[in-house]
Amino acid sequence: MSDTTALVNAGVNQMLPDERNKGMLAVAGSFASPLIGMFEWIGDLGIFSWRVLQAAVTPPYEWRELVRQLDEVGSKSFPLVALAGAAVGVVISLEARYSLSRFGAKSMFPSTLVYSVVQVMGPIITGLVVSGRVGAGIGAELASMKVTEQIDAIEASAINPYRYLAATRILACILMLPLLTLAADACGLLTGWFAQALVEPLSFHQFIQSGFKGATFDAFLPPTFKTAVYGLIIGLIACFQGMRTRGGAEGVGRAATNSVVLGSLFLILADVVLVKFILVVFP
Amino acid sequence: MATTYDNAMKQADLQKVDSAPVVVVENVHKSFGIHKVLNGLTLSVNRGETLAVLGRSGTGKSVLLRLIIGLITPDSGLVRIHGQNIAGMPLDEMGEIRKKMGFLFQHAALYDSLTVAGNISFPLEHHRKDMSKSERADRVRELLAEVGMESALEKMPSDISGGMQKRVGLARALALDPEILLLDEPTAGLDPISSAEIDDLILKLQRERQMASIVVTHDLHSARTIANRLALLDKGNVVIEGKYEELQQSDIGFVKEFLKQS
């Protein structure tokens, strides 16, 4: 037994029973408090989701705000997503060429690039980029509206904020993520081919024919449309974090950060489940 | 053919409707965590009447307004608007009642992404679908003229002063022709001249529209100017309610102290 441990044990043994109980309760409390907070968060998220769902399926529908949000989430995220997709295409192209050459499987390059981009990297990169840009934006915007009583003002004007603010943003994320993923995929394939073509002559037509040879819709549609679930996660978490904000500027900052961190984390965790689900349903 | 007697009866009925309370708060309790804010509070407001709610900070004045418009629900007790209990009412159902209410927030709470015109047009766009775009624009101009802010039509809320924001907030609160007007500290943070202008504006609106109004304020002078009745709150309950003169004649220590310090 080390000297330090011996001293600590001696200290504990010298405590009165009441003091020891209090100490143990404090330790238990320090573990219980975050646990209670987590359950509270899950419960609040459940209630929030139910309210948004109720608001989303009952009229009046906020078409104008939905179109504005589609533009905000979709067209304004497009350049960033396209750039990220293009960069990923180049990286995969460089890595794949090197790895495939080592195993003498260079002819597999087009299909490796196509499957890597469309099935794996395109969806997840799009999700993470949108989570960063849109998640933070929604979280900060709604949090700022919350702390300046603008959300209360909307509610006081007899407008359902779950319908006007949350449902429109979440729906825009759900609808736009698959389209943005297609854009990221297209840019990734284009730059991936271009990076390869710079080293070895390979026509685009040849690359596409070889890459998609024997491919079925089952191989590409589920990974693309699973991003609608990413959209749901990004929109839901960001709206929830924004609309439950308390405090001033600090609260707004916390809401923006939590929207990105939690959104990205849940997105990656959801991907694990979705990939397994797709493999089972579309073997 | 209506007789004089029938007309007299109709007149009496109308007076009865006018004197029926529009807002009734009955034995309301509200706590936030361990902090008890309202403790069995009871009050009512009739049509065409202005009630000023006074009291120290943290006595639940703003909480009372939020309960009346349904932004928060009471732990117990009743909040009746036109005889309907709104406690725990679903959001969309509550929306129908809120259309009859206007709320001026303490810091105006204007939508910072919309222009002044956009702020006032916002409730009209959602609830007055029968109005054409030009009719809506006319209505916005009319409301802004009513609060003396016609020149700020295309300005952003961040480009106008606090007093102007309150005026725009008031115009927005009036957009749907409310029967009940709730004002949270309408003169707080304003210079004496702007405060007097807001008071005059509220008085003018009261004369023209005959709404039931509840004004939460710290400003005793403003309360005396605009209200028919004053209610003084302490520890989450009404200590005294009545005309200013009645408050002056009160022997209650807290009332005397409050009037002395105001």
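The structure displayed is predicted, hence computed values, not measured ones. (Residues numbered from 1 in each chain as written. Chains lettered and ligands numbered in written order. Predicted model: local features only at pLDDT ≥ 70, side-chain atom pairs only at ≥ 80, totals over all residues.)

A look at the overall build of chain B
Within chain B, the secondary structure is distributed over ten helices and ten strands. Compactness check: chain B gives a C-alpha radius of gyration of 19 Å against a globular reference of 18 Å for 262 residues, within 12% of the reference. The principal-axis extents of the C-alpha atoms in chain B amount to approximately 60 × 55 × 35 Å. Across the 262 residues that make up chain B, the buried fraction comes to 38%. Residue pairs at least 24 apart in sequence account for 66% of intrachain contacts in chain B once pairs closer than 6 positions are excluded. (Helix = DSSP H or I, 4+ residues; strand = E, 2+ residues; numbered from the N terminus. Rg over C-alpha atoms; globule rule 2.2 N^0.38 Å. Buried ≥ 20, exposed ≤ 12 C-beta atoms within 10 Å, placed from the backbone. Contact = placed C-beta atoms within 7 Å.)

Regarding unusual backbone geometry
Across the chain, the bulk of peptide bonds are trans and the bulk of non-glycine residues have phi less than zero. All names here are of chain A. Of note, the amide linkage connecting P59 to P60 takes the cis form, showing an omega dihedral of 0°. Locating P60 in the fold gives a position in the loop between α2 (17-57) and α3 (63-75). Residues other than glycine seldom take positive phi values, yet E149 does so here, at roughly 65°. Of note, E149 is situated in the loop between α5 (109-147) and α6 (150-156).

Details of the environment of A136 of chain A
All names here are of chain A. Here A136 lies in helix α5. Of the residues examined, A136 has 19 C-beta atoms within 10 Å and is grouped as partly exposed. Among residues more than four places away in sequence, those in contact with A136 are A256, S259 and V260.

Brief notes about the confidence of the model for chain A
Per-residue pLDDT for chain A has a mean of 89; in total, 93% of the residues score no lower than 70. This stretch, residues 1-5 of chain A, has a pLDDT under 50; its non-local contacts, to residues over four places away or in other chains, come to one contact. (pLDDT = per-residue confidence, 0-100.)

What to know about the sheet that holds strand β2 (residues 35-46) of chain B
Residues and elements named next belong to chain B. The strand order across the open sheet formed by four strands is β2-β1-β4-β5, and the pairing between neighbours is antiparallel. Of all the strands in the sheet, just β2 and β5 (84-85) have a single pairing partner and so form its edges. Where strand β1 (residues 21-32) and strand β4 (residues 76-81) come together, five bridges link them in antiparallel fashion. Looking at β4, one finds that H29 is bridged to S76. Helix-sheet contacts for helix α2 (residues 61-68) involve β1, β2 and β4, and the interaxial angle to β1 is about 120°. (Pairing = 2+ DSSP bridges. Axes fitted to C-alpha atoms, helices over the stretch in contact; angles between N-to-C directions.)

Digging into the packing of helix α10 (residues 227-243) of chain A against helix α11 (residues 249-281) of chain A
All names here are of chain A. Where α10 meets α11, the axes come as close as 9 Å, and the angle between the chain directions of the two elements is 150°. Accordingly, the angle class assigned to the pair α10 and α11 is roughly antiparallel. Two packed elements cross with a definite hand, and for α10 against α11 that hand is right-handed. Counting all contacts with α10, which are made through V229, Y230, I233, I234, I237, A238, Q241 and G242, the residues of α11 involved are A255, N258, S259, L262, G263, F266, L267, A270 and L274. (Parallel < 35°, antiparallel > 145°, perpendicular 65-115°, else oblique. Left-handed = near helix turned anticlockwise from the far one by under 90°.)

Section: the packing of helix α7 (residues 161-199) of chain A against α10 of chain A
Residues and elements named next belong to chain A. Contact pair α7 / α10: the axes reach a minimum separation of 7 Å and the direction vectors enclose 150°. Judged on the interaxial angle alone, α10 and α7 are roughly antiparallel. Note on packing geometry: the crossing formed by α7 with α10 is right-handed. Contacts between α7 and α10 pair L165, A166, R169, I170, C173, I174, M176, L177, P178 and T181 from the former with T227, A228, Y230, G231, L232, I234, G235, L236, C239 and M243 from the latter. Residue classes in the contact of α7 with α10 are distributed as 15 nonpolar, four polar and one charged. (Nonpolar A, V, L, I, M, F, W, Y, C, P; charged D, E, K, R; others polar.)

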